[in-house]
Amino acid sequence: LGLCLFTCVVCTVLNVRGAGLALRGPDGSLKKAVDAMRRWQRVALCSLSWGVVSFHLEGMMFAWLKLTTMVNVWVVTVILGVVLALMLWMILQIFRTLAVVRDELQQGELTDDQLLAVVKRLQGGQAGAKPRPGVDYGAISASLEQQAPPSKGGVAEKVDDDDAAAAAAQRR
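For the structure given in this document, a descriptive report is provided here. The model shown is predicted, which means the values in this text are computed figures rather than measured ones.

1. Re helix α1 (residues 2-24)
Taking 1.5 Å of rise per residue, 23 residues should cover 33 Å, and α1 covers 33 Å from first to last C-alpha, within 8% of that figure. Inspection of α1 places T7, V10, L14, G18 and G20 among the buried residues, and these make up the whole buried set. The inward-facing, buried residues of α1 abut α2 (29-66).

2. Description of the state of the cysteines
Under the counting rule described, the total for this entry stands at 0 disulfides. This cysteine, C4, is not joined by any disulfide, and C8 carries the nearest cysteine sulfur, 7.1 Å off. Residue C8 is classed as partly exposed on the basis of its relative accessible area, which comes to 48%.

3. Observations concerning the pattern of salt bridges
Enumeration over the complete set of coordinates arrives at 2 salt bridges. In this structure, D35 and K31 form a salt bridge, with 3.0 Å as the shortest nitrogen-oxygen distance. In this pair, D35 and K31 are both assigned in helix α2, 4 residues apart and thus about one turn of the helix distant. Look at K31 and you get partly exposed, because its relative accessible area is 25%. Between D35 and R38 there is a salt bridge, with its nearest N and O atoms 3.5 Å apart. Linking D35 with R38, this pair stays in helix α2, spanning 3 residues, or about one helical turn. Overlapping salt bridges bring together K31, D35 and R38 as one network.

Rules and cut-offs
Residues numbered from 1 in each chain as written. Predicted model: local features only at pLDDT ≥ 70, side-chain atom pairs only at ≥ 80, totals over all residues. Heavy atoms only, no water. Helix = DSSP H or I, 4+ residues; strand = E, 2+ residues; numbered from the N terminus. Expected span 1.5 Å × (residues − 1). Buried < 20%, exposed > 50% of the residue type's maximum accessible area, 1.4 Å probe, protein only. Contact = heavy atoms within 4.5 Å. Disulfide = S-S within 2.5 Å. Salt bridge = Lys/Arg side-chain N within 4 Å of Asp/Glu carboxyl O.

Here's what the structure looks like:
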């Protein structure tokens, strides 16, 4: 049970700290977070695997120590052994199904070609083209919501999407 608890702690810390670094860290943080999570993934999987196996072996040993009749001992041992074998078989099937070839792993950073392709896609498919009118991808409307003057109640009024698009068109 200690290994399973260790796995829970490692996974929780990685999910909280890794995502926080990737989203709010300085440039290069996404790659750093992905690399760290990849390193710790093996540790978490090994500790979980050993925790599950040791839990089943512990149950078998408990049956051998505490049960009085051999029939009961063998029934518990066979049941726990079959459950363990099925669990390991299912885990192997999942690993085979979701396997990623090492050369195809994403590194958490964009190459120059990938970055240019994203910029072209956002600009309407043409290199050097201006963004399409009326499409702000959420950035302009979000900034206008933050700049809205406070209302009488002291709470900023939400700017309507049509107003945001009109204001963005006037700025251009």
